[in-house]
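# Coordinates in review
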Amino acid sequence: MDSNKMAVSINKAINTQEVAVKEKHARTCILGTHHEKGAHTFWLAVNRLPLSSNAVLCWKFCHVFHKLLRDGHPSVIKDSMRHKADLNDMSRMWGHLSEGYGKLCSIYLKLLITKMEFHIKNPRFPGNLQMSNRQLDEAGENDVNNFFQLTVEMFDYLECELNLFLGVFSSLDMSRSVSVTAAGQCRLAPLIQVILDSSHLYDYTVKLLFKLHSCLPADTLQGHRDRFQEQFKKLKSLFYRSSNLQYFKRLIQIPQLPENPPNFLRASALSEHISPVVVIPVESSSPESEHVVETEDLVDTDIPPLPSVVDSKFDDFFGTSAATDPFNFSQNGMRKDEKDRLIEQLTAELQALKEELESFRLESGRLCQALRGRVNELEAELAEQTHLKQQALGESEFLRVELDDLRRVKEDTEKEQRSLSEIERKAQANEQRYTKLKEKYTELVQSHADLLRKNAEVTRQMTVARAAQDEVENVKKEMQDKLKAAQDSTSQQEKAQLEQLQALQAELMSSRTELETLKSTVTSTQQSSEQLNTQLSALEAEKAGLLETVSQKEAELAGLGVELKRVQSSLTNERESGVKAAEALQNQLNEKESREQALESELVSLRWAALRAALEEAGRIVQDSLNQLEDPAHISCTSSADYLVSRCQVALDCVERLQSARDGFVSDNTDVSGLVRAVTQFAHLVGDVIVQGSATSHMVPVELADALADNVKACGAEAMALLCQLKEQKSMGTADCSRLTSALDTVMALGEKLRPRGLELKQGELGDLVEQEMSATSAAVESAAARIEEMLNKSRAVDTGIKMEVNERILASCTDLMQAIKVLVLSSKDLQRDIVESGRGAASMKEFYAKNSRWTEGLISASKAVGWGATMLVDAADQVVQGKGKFEELMVCSHEIAASTAQLVAASKVKADKGSTNLSRLQQASKGVTQATAGVVASTKSGKSQIEDTETMDFSAMTLTQIKRQEMDAQVLVLELETRLQKERERLGELRKKHYKLAGVAEGWGGEDEGTG
């Protein structure tokens, strides 16, 4: 294709008219890239266009460029990457516009850049994204990390496609029929390419997510699933909206996605997935192609119409004037009956011509059928001849090798009879021959075995002449059999003739195409028949030549038979020299055995090298796990004690398998695969124990966390020491796994100790623990009330004025709160006693608590929270009275006590009867605590305001500049405090989440709910 024609098509496709790109111009651009195997001409033409100054021009450029990336030559992507920076700059420039084509151009350019980067990173994916399942598996190289990264890149790619989809729809007025206007079609036309890309990306994403879920835990892929859910909803909505547009109904069949997204947590759901298929009708790919046809590119293959023949016949009889005016009798002088006669005559001739044409067609069809049959016969015969030639070539080559061997044996024996130097030269020649044939080691072993058998036969011939004569006869019979086999297949040496036969096959294929042209006219049928007959005669002549060649090869084979007989006759004279040849062969055998020993030693060294490589890799895995303990990002990782115990048990089993594999390798070092597998599994499991142990230590108290972290590190050190011992041959047999086993047992024991205590309590312990916690709560409240009374007495003795008034009011409200909490605790005890008495039946109180362990643990947790809150309130009040604390701490402690008492009330009344008297008392006590808490907060706020009012703000001495300065400082402080307040609120939320999570682990939450009875 001419580059000028391509440049003209580019300029016609990319113009400033707000109409869709014509398909014929885009197709010319695509064919041009395939013709020149690149996009050089395209970019030369595009660089001359003012893309940065006209948004419509840039939009149509993006459309054409998208088509080239999808359907153009594969080198288009590579050639376009050098213009990536220009496209980025253009995208940023158009991004400054918030509406119209400018915003759409910015989004489209980002999509094209993302598409190029995706195909550069993943060269296995073609531009149109059409791949089979096997090619998709090969793209990830069967590595879960590659599949993980590929899924992320596909998410980014699909996100850009959806952004363009949404941008186009948001820029159109969907209340009107915009898809039938030229401007609307200009914006909607590129979405066909987007739909094609999106359907493939959605299909591949689903398959990759199923593959990842089969290899990775579900929690690890939670982010992938969330992102897929969001993109699924968008893509389904956009496909549905597009399918309703009149513009797309004529050009493309858009698939409909399923009602619900796939369930990746169920592996069998993959069989229910149906890949969306986008269908583009064949008759037209764009509205413009229905009305525009380039006649210069079309070829008329129709049969010439018969009326032209009839017209020529008519003109021959009547003349041109009669054809134009057949009823002008005055000019032609014809009568009506003569005209009718001529018309009948012409009709008869026309019918005869039709019959003749039909007969020609039938004859041409028969000839075509006969020629096809003849071609099939020739092809079958050609295949048979080719097969026979291959067999004969192989057997003739084998016979030639045998004759060459016999000739070399004869020459060697003659040289050995002449002189001892000739024997040494033959040994050197055999050494060179052995070196050349080193690559074919298996054939050499077989030939060596044959030589040994021949050596034994020669030795027997030396001792017993009669036995030697029999051996000669056997050899003669064997050679005769080989001669007969060679005579059956002698035509295999003719590779050149095989190439000629292949050329003939190509000519036969061309003859088939010529046969098809027979349907056009009778003349072309006859010519093609003559050509085929000529070719058939040439093939028969070629076959005769092949037969002649076969006869020549048979004559050559007969000559080889005569040569074989002569060699057999000379074999008898060479018996004495066979002993010397046998000695030379024995020397070669000794050399071969020494080489085999060297190869065996090399094989042993290779086994040790493979084992050391596996051990070094295992050491790197364990060291990487130890290095993760020092990584600050690892602090956010958490795990449970139950999971740590299970991983420790699996690691202990793997240590036992490693020791068994070590013992097996020490006893028999020929098989190293079992030990390599055991070492690999050992490294991964020990590394998992190290990481999970460190993650578990992040959720336990500091003392136990330090002990667990130290033991995990010790476990890693012991594993590294064991791997170092296994690297050396001397220390492998004495490598001791007991220290590593002991370290794993220690980590496992700590994990058992860190398990939730509520799961390990016995029946008696749970009931006692409830009574102990309730008693401890009552004692804590009594102690808090006593301390408040003591602080009130001290404040009256020391403080005066407003401070004493504030302290008395705060401590009095705290005393009221302690009294209300005390009443609440007593009411809770009475209600619990009623619950136990009504629900335990014949069982004891402890058995009732053990049976309802979840409810019991809730009571224990609530009691602990109330006692702790009372203690914290007293400490905060003490600090406020002494002037060291903050009023805000006192208010926070009050709110915390209110929350703790609410938890205790909820835990107490969850099993209570609604009409219980003690329940009513408990609810009244709860209201009293709420009122007392409000009193503490109110007294605290009042006291704070009284103290702050004493600090008056006097600005009378300040100048205007100083006041302005103070105002600015105050504004800065306000902004800082607001920022700090927002951060502290976020921190408070995270602390509450962490507290709830740790409380759940400590109390054993997560089990099934218990019954209410």
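Rules behind the numbers
- Residues numbered from 1 in each chain as written.
- Predicted model: local features only at pLDDT ≥ 70, side-chain atom pairs only at ≥ 80, totals over all residues.
- Heavy atoms only, no water.
- Helix = DSSP H or I, 4+ residues; strand = E, 2+ residues; numbered from the N terminus.
- Contact = heavy atoms within 4.5 Å.
- Areas by Shrake-Rupley, 256 points an atom, 1.4 Å probe, with all protein chains shown as cover.
- Axes fitted to C-alpha atoms, helices over the stretch in contact; angles between N-to-C directions.
- Parallel < 35°, antiparallel > 145°, perpendicular 65-115°, else oblique.
- Left-handed = near helix turned anticlockwise from the far one by under 90°.
- Nonpolar A, V, L, I, M, F, W, Y, C, P; charged D, E, K, R; others polar.
- Phe/Tyr/Trp six-rings, centres within 6.5 Å; stacked < 30°, edge-to-face > 60°.
- Core = buried A, V, L, I, M, F, W, Y, C linked by side-chain atoms within 4.5 Å.
- Buried < 20%, exposed > 50% of the residue type's maximum accessible area, 1.4 Å probe, protein only.
- Salt bridge = Lys/Arg side-chain N within 4 Å of Asp/Glu carboxyl O.
- Polar contact = N/O pair within 3.5 Å; in protein donor to acceptor, adjacent residues only side chain to side chain.
- Expected span 1.5 Å × (residues − 1).
- pLDDT = per-residue confidence, 0-100.
- Disulfide = S-S within 2.5 Å.

### Here we look at the overall build of the chain
What the chain contains, in helices and strands, is 34 helices and zero strands. Long-range pairs, those at least 24 residues apart, make up 79% of the contacts in the chain between residues at least 6 apart in sequence. Counting every atom, the chain has about 57,400 Å² of accessible surface; 53% of that belongs to carbon and sulfur.

### With respect to the packing of helix H23 (residues 641-667) against helix H27 (residues 738-753)
Two elements in contact, H23 and H27, have axes separated by 8 Å at closest approach and are oriented at 160°. In this view, H23 runs roughly antiparallel relative to H27, as classed from their interaxial angle. By crossing handedness, the relation of H23 to H27 is classed as left-handed. In contact with Ala641, Leu644, Val645, Cys648, Gln649, Ala651, Leu652 and Val655 of H23, H27 contributes Leu740, Thr741, Leu744, Asp745, Val747, Met748, Gly751 and Glu752. Residues that form the contact of H23 with H27 fall into these classes: eleven nonpolar, three polar and two charged.

### Remarks on the packing of H23 against helix H24 (residues 673-697)
Interaxial distance between H23 and H24 falls to 8 Å at its minimum, and their mutual angle equals 155°. With respect to H24, the element H23 is oriented roughly antiparallel. The element H23 and its partner H24 pack so that their crossing is left-handed.

### Overview of the packing of aromatic side chains
Considering all chains together, one arrives at 19 aromatic pairs under this definition. Between the aromatic rings of Phe228 and Phe264, the centroid separation amounts to 5.1 Å while the plane-to-plane angle is 80°, which identifies the pairing as edge-to-face. Here Phe264 lies in the loop between helix H13 (246-251) and helix H14 (307-324) and Phe228 lies in helix H12 (residues 222-243), a separation of 36 residues in the sequence. Members of the aromatic cluster, connected to one another through ring pairs, are Tyr202, Phe210, Phe228, Phe232 and Phe264.

### So, the nonpolar core
Counting 93 residues, the largest nonpolar core has Ile14, Phe42, Phe61 and Phe125 as its most contacted members. Take this core: its biggest share by element is 13 residues, from helix H11 (residues 191-213). Not counting residues up to four positions away in its chain, the partners in contact with Ile14 are Phe42, Val46, Leu49, Leu57, Lys60, Phe61 and Val64. Ranked by size, the runner-up nonpolar core spans 48 residues in total, among them Ile621, Phe682, Leu722 and Met748.

### Let's talk about unusual backbone geometry
Here Leu129, not a glycine, exhibits a phi torsion of approximately 65°, which is positive. Mapped onto the fold, Leu129 is located in the loop between helix H7 (100-121) and helix H8 (133-139). Unusually for a residue other than glycine, Glu141 sits at a positive phi of about 55°. You can see Glu141 is positioned in the loop between H8 and helix H9 (144-171).

### Quick notes on the environment of Ala13
With respect to the helices, strands and loops of the structure, Ala13 is situated in helix H1 (residues 3-13). Expressed as a C-alpha distance, the spacing of Ala13 and Glu23, which sit ten residues apart in the sequence, is 8.5 Å.

### A word on the environment of Met732
Summarising the element assignment, Met732 is placed in helix H26 (residues 729-732). Judged by relative accessible area, which is 2%, Met732 ranks as buried. Between the C-alpha atoms of Met732 and Asp663, which are 69 residues apart in sequence, the distance is 9.1 Å. Excluding anything up to four places from it in sequence, Met732 contacts Trp608, Leu611, Arg662, Phe665, Val666, Leu675, Gln725 and Leu726.

### So, the pattern of salt bridges
What the rule picks out here adds up to 22 salt bridges. Note that Glu159 is salt-bridged to Lys234, the shortest N-O span being 3.8 Å. Residue Glu159 is found in helix H9, and its partner Lys234 is found in helix H12; the two are separated by 75 residues along the sequence. Under the relative-accessibility criterion, Lys234 is labelled partly exposed at 26%. Lys207 is the salt-bridge partner of Asp203, the closest N and O atoms lying 3.3 Å from each other. Remark: Lys207 and Asp203 occur in helix H11; sequence separation between them is four residues, near one turn of the helix.

### Re the environment of Ser673
Relative to the elements of secondary structure, Ser673 occurs in helix H24. In this structure, the C-alpha to C-alpha distance between Ser673 and Ala661, residues twelve residues apart in sequence, is 9.4 Å.

### Focus on the side chain of Asn15
Within the secondary structure, Asn15 is located in the loop between H1 and helix H2 (23-36). From its side chain, Asn15 meets the backbone nitrogen of Gln17 in a polar contact 3.2 Å long. Ignoring anything within four residues of it in the chain, the contact list for Asn15 reads Val56, Leu57 and Lys60.

### Re H7
Note on helix geometry: an α-helix contains 3.6 residues per turn, so any two residues three or four positions apart are oriented the same way. In this model H7 runs 33 Å from its N-terminal to its C-terminal C-alpha over 22 residues, within 8% of the 32 Å that 1.5 Å per residue would give. Taken across its 22 residues, H7 has 16 buried, putting it largely inside the fold.

### Focus: the confidence of the model for the chain
Taken over all residues, the pLDDT of the chain has a mean of 76, while the share at 70 or more is 73%. Contacts of residues 283-334 to residues separated by more than four positions or lying in other chains number 48 contacts, the stretch itself having pLDDT below 50. Predicted confidence is poor over residues 758-764, with pLDDT under 50, and the contacts of this stretch with residues over four places away or in other chains come to twelve contacts.

### A word on the side chain of Thr33
With respect to the helices and strands, Thr33 occurs in helix H2. The class of Thr33 is buried, set by a relative accessible area of 0%.

### Structural notes on H11
Helix length check: H11 (23 residues) gives 32 Å between terminal C-alpha atoms against 33 Å at 1.5 Å per residue, within 8%. Most of H11 is tucked away, with 22 of its 23 residues classed as buried.

### Looking at the state of the cysteines
Applying the stated rule across the entire model yields zero disulfides. In this model Cys62 remains outside any disulfide bridge; the closest cysteine sulfur is found in Cys58, 4.3 Å from its own. A relative accessible area of 0% places Cys62 in the buried class.

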